[in-house]
Amino acid sequence: MVFLAPLLLLQAATALGAPQPQAQSQPQPLAPAARPAPAVSRWPARDAQFTIRDFRFRSGETLPTLRINYTTLGQPHRNARGEIDNAVMVLHGTGGTGRQFLSPQFADELYGPGQPLDIARYWIILPDGIGHGKSSKPSDGLRMHFPQYDYDDMVEAQYRLLHDGLGIRRMRLIMGTSMGCMHSLVWGESHPDFARALMPLACEPVEIAGLNRMWRQLAIDGIKADPAWADGDYRAPPVQGLRTAASLLFVAGAAPLYFQAQYPTRDAAATFARERVAASIAATDANDLIYQLDASRHYAPWSRLEAITAPTTWINSADDFINPRNLDYPRRAVARMKDARFILIPESDDTRGHGTHTAARFWKQDLVALLRRSE
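Quick look at the structure, then. (Residues numbered from 1 in each chain as written. Predicted model: local features only at pLDDT ≥ 70, side-chain atom pairs only at ≥ 80, totals over all residues. Heavy atoms only, no water.)

**A few points about the state of the cysteines**
Here is step 1 of the chain: What the rule picks out here adds up to one disulfide.
Here is step 2 of the chain: The disulfide bridge from cysteine 181 ends at cysteine 203, spanning 2.0 Å between sulfur atoms. An S-S torsion of about -60° defines the bridge between cysteine 181 and cysteine 203 as left-handed. Of this pair, cysteine 181 sits in helix H3 (residues 179–190) while cysteine 203 sits in the loop between strand E7 (198–201) and helix H4 (210–225), placing them 22 residues apart in sequence. Each of the two residues, cysteine 181 as well as cysteine 203, counts as buried. (Disulfide = S-S within 2.5 Å. Helix = DSSP H or I, 4+ residues; strand = E, 2+ residues; numbered from the N terminus. Buried < 20%, exposed > 50% of the residue type's maximum accessible area, 1.4 Å probe, protein only.)

**Quick look at the pairing of strand E5 (residues 123–127)**
Here is step 1 of the chain: Counted residue by residue, E5 has five buried out of five residues, so it is predominantly covered.
Here is step 2 of the chain: Burial along E5 is two-sided: the face carrying Trp123, Ile125 and Pro127 and the face carrying Ile124 and Leu126 are both buried.
Here is step 3 of the chain: Alignment of strand E3 (residues 62–73) against E5, held across four bridges, turns out to be antiparallel. What sits directly across from threonine 71, in E5, is leucine 126.
Here is step 4 of the chain: Of the crossover connections in this fold, the one passing from strand E4 (residues 87–91) over helix H1 (residues 104–110) to the parallel E5 is right-handed. (Pairing = 2+ DSSP bridges. Right-handed = clockwise from strand over helix to strand, strands pointing away.)

**Considerations on the packing of aromatic side chains**
Any two aromatic rings considered together are summarised by their centre-to-centre distance and by the angle between their planes.
Here is step 1 of the chain: Enumeration over the complete set of coordinates arrives at 21 aromatic pairs.
Here is step 2 of the chain: The rings of Trp43, Phe101, Phe106, Tyr111 and Trp363 are connected pair by pair, giving a single aromatic cluster.
Here is step 3 of the chain: Positioned over the ring face of tyrosine 234 is arginine 143, at 5.3 Å from the centre of the ring. (Phe/Tyr/Trp six-rings, centres within 6.5 Å; stacked < 30°, edge-to-face > 60°. Lys NZ or Arg CZ within 6 Å of the ring centre and 35° of its normal.)

**A short note on helix H8 (residues 286–294)**
Here is step 1 of the chain: Of all the nine residues making up H8, eight are buried; the element is thus mostly covered by neighbouring parts of the structure.
Here is step 2 of the chain: Every buried residue of H8 is accounted for by Ala286, Asn287, Asp288, Leu289, Ile290, Tyr291, Gln292 and Leu293.
Here is step 3 of the chain: Residues of H8 that are buried in the fold lie against H4 and helix H5 (239–252).
Here is step 4 of the chain: N-cap assignment for H8: the residue whose side-chain oxygen lies 3.1 Å from the backbone N of asparagine 287 is aspartate 285. (Contact = heavy atoms within 4.5 Å. Polar contact = N/O pair within 3.5 Å; in protein donor to acceptor, adjacent residues only side chain to side chain.)

**Details of a nonpolar patch on the surface**
Here is step 1 of the chain: Together, Leu211, Met214, Val251 and Phe321 give the surface a local cluster of nonpolar side chains, amounting to about 370 Å² of exposed area.
Here is step 2 of the chain: Assessed through its relative accessible area of 49%, methionine 214 is described here as partly exposed. (Patch = residues over 30% accessible without salt bridge, like charges linked within 9 Å, V, L, I, M, F, W, Y side chains within 5 Å. Areas by Shrake-Rupley, 256 points an atom, 1.4 Å probe, with all protein chains shown as cover. Salt bridge = Lys/Arg side-chain N within 4 Å of Asp/Glu carboxyl O.)

**Brief notes about the pattern of salt bridges**
Any two side chains of opposite charge can pair, on the condition that their charged atoms come close.
Here is step 1 of the chain: According to the stated counting rule, one finds 22 salt bridges in the structure shown.
Here is step 2 of the chain: Put simply, arginine 67 and aspartate 140 hold a salt bridge, and the shortest N to O gap is 2.9 Å. With arginine 67 in strand E3 and aspartate 140 in the loop between E5 and helix H2 (151–165), the pair connects residues that are 73 residues apart, well separated along the chain.
Here is step 3 of the chain: Look at arginine 67 and you get buried, because its relative accessible area is 4%.
Here is step 4 of the chain: Note that aspartate 328 and arginine 332 form a salt bridge whose closest N and O atoms lie 3.5 Å from each other.

**Regarding the nonpolar core**
Across soluble globular proteins, you tend to see nonpolar side chains buried next to one another.
Here is step 1 of the chain: If you look at the biggest cluster of nonpolar residues, it comprises 52 residues, and the most contacted ones within it are Leu66, Ile130, Leu162, Ile168, Met171, Trp187 and Trp314.
Here is step 2 of the chain: Within the residue set of this core, elements represented by two or more residues are strand E2 (46–56), E3, E4, E5, H2, H3, helix H9 (329–334) and strand E9 (340–345).
Here is step 3 of the chain: Looking at which element gives the most residues to this core, the answer is H2, with seven residues.
Here is step 4 of the chain: Ranked by size, the runner-up nonpolar core spans 28 residues in total, among them Val88, Leu117, Ala197 and Ile315. (Core = buried A, V, L, I, M, F, W, Y, C linked by side-chain atoms within 4.5 Å.)

**Quick look at the pairing of strand E6 (residues 173–177)**
Here is step 1 of the chain: Among the five residues in E6, five count as buried, and that is most of the element.
Here is step 2 of the chain: Burial along E6 is two-sided: the residues Leu173, Met175 and Thr177 and Ile174 and Gly176 are all buried.
Here is step 3 of the chain: Sheet topology note: the E4/E6 ladder contains four bridges and is parallel. Considered in E6, the bridge of valine 88 is made with leucine 173.
Here is step 4 of the chain: With four bridges joining them, E6 and E7 adopt parallel strand pairing. When the bridges of E7 are listed, threonine 177 appears paired with leucine 201.
Here is step 5 of the chain: Taken together, E6, H3 and E7 form a β-α-β motif whose crossover is right-handed.

What follows is the structure, given as structure tokens:
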């Protein structure tokens, strides 16, 4: 089950077989959270970091050094013109990292021999967005003085990584889940010729408003209302504020039928929910989470959907609390896009609510069809 909360990161070596951007050491957070020992992935993933000098944010703020961490699998392939032609980027959701896409429910369905993103054929790039994972973020030291990044900034940093750092001029595929789904749409509008195909998973093509804005704002307000937050200058985590936020995140990412089947008694349900919230609190920095939730504030792709010309397969799930089935925005949106299809995965006691976006078995054949369509 995938929730909108920081996922555990795995250790890996520096990237091999790719252009070598300048590496940076990882600063220690001011208030590090205790984390369980990371699991070991069977996939041969490699980590590297790309440094962008004097990065200017949409807000007008700048960072002398912006660090973008990324994970890769496979190797770049060059065509007869010497251009990389097999690069695939997968973009994570709010609070996640690129390494979440090494989980069995995603990686084991896609990366193996003969599978849709076989790493013998494709070069997979899994970046940590600004404010996430091992990329530059508030908890590195600036806290609430970190630049107020938004989705446009995050996409621009991804572009700089791919174009300037890795020498890619055109991607085979850009896909993303949740926040990454929204980034995929921003990519399609801002760099319409950079990807041969787009696959957004679990998002809407409009400004985040209604209930989606409400629960995000309540999570932010819950943290800030905790006196221990101290305007972001806390010496110990603001646990009560984090509990409020983590509880909202838990509900937003939940799957009603699946949870009913898996936790059919009161005690089992209560125990699971408490354990998940406690784990989220332990793994979350309050300032990082505020920034992560607020980064969506300028997202509004609706007016420029006609700019998205790449073949696109867009998938939501019917049991998604965040993107409810009755919103008709995706179907209206694809009618305005050059080559787009929208699919709604039916709800069942096996789908995972919002987290269905990372359970690849539900949509891997749609990915196969998109790759064929965009050859």
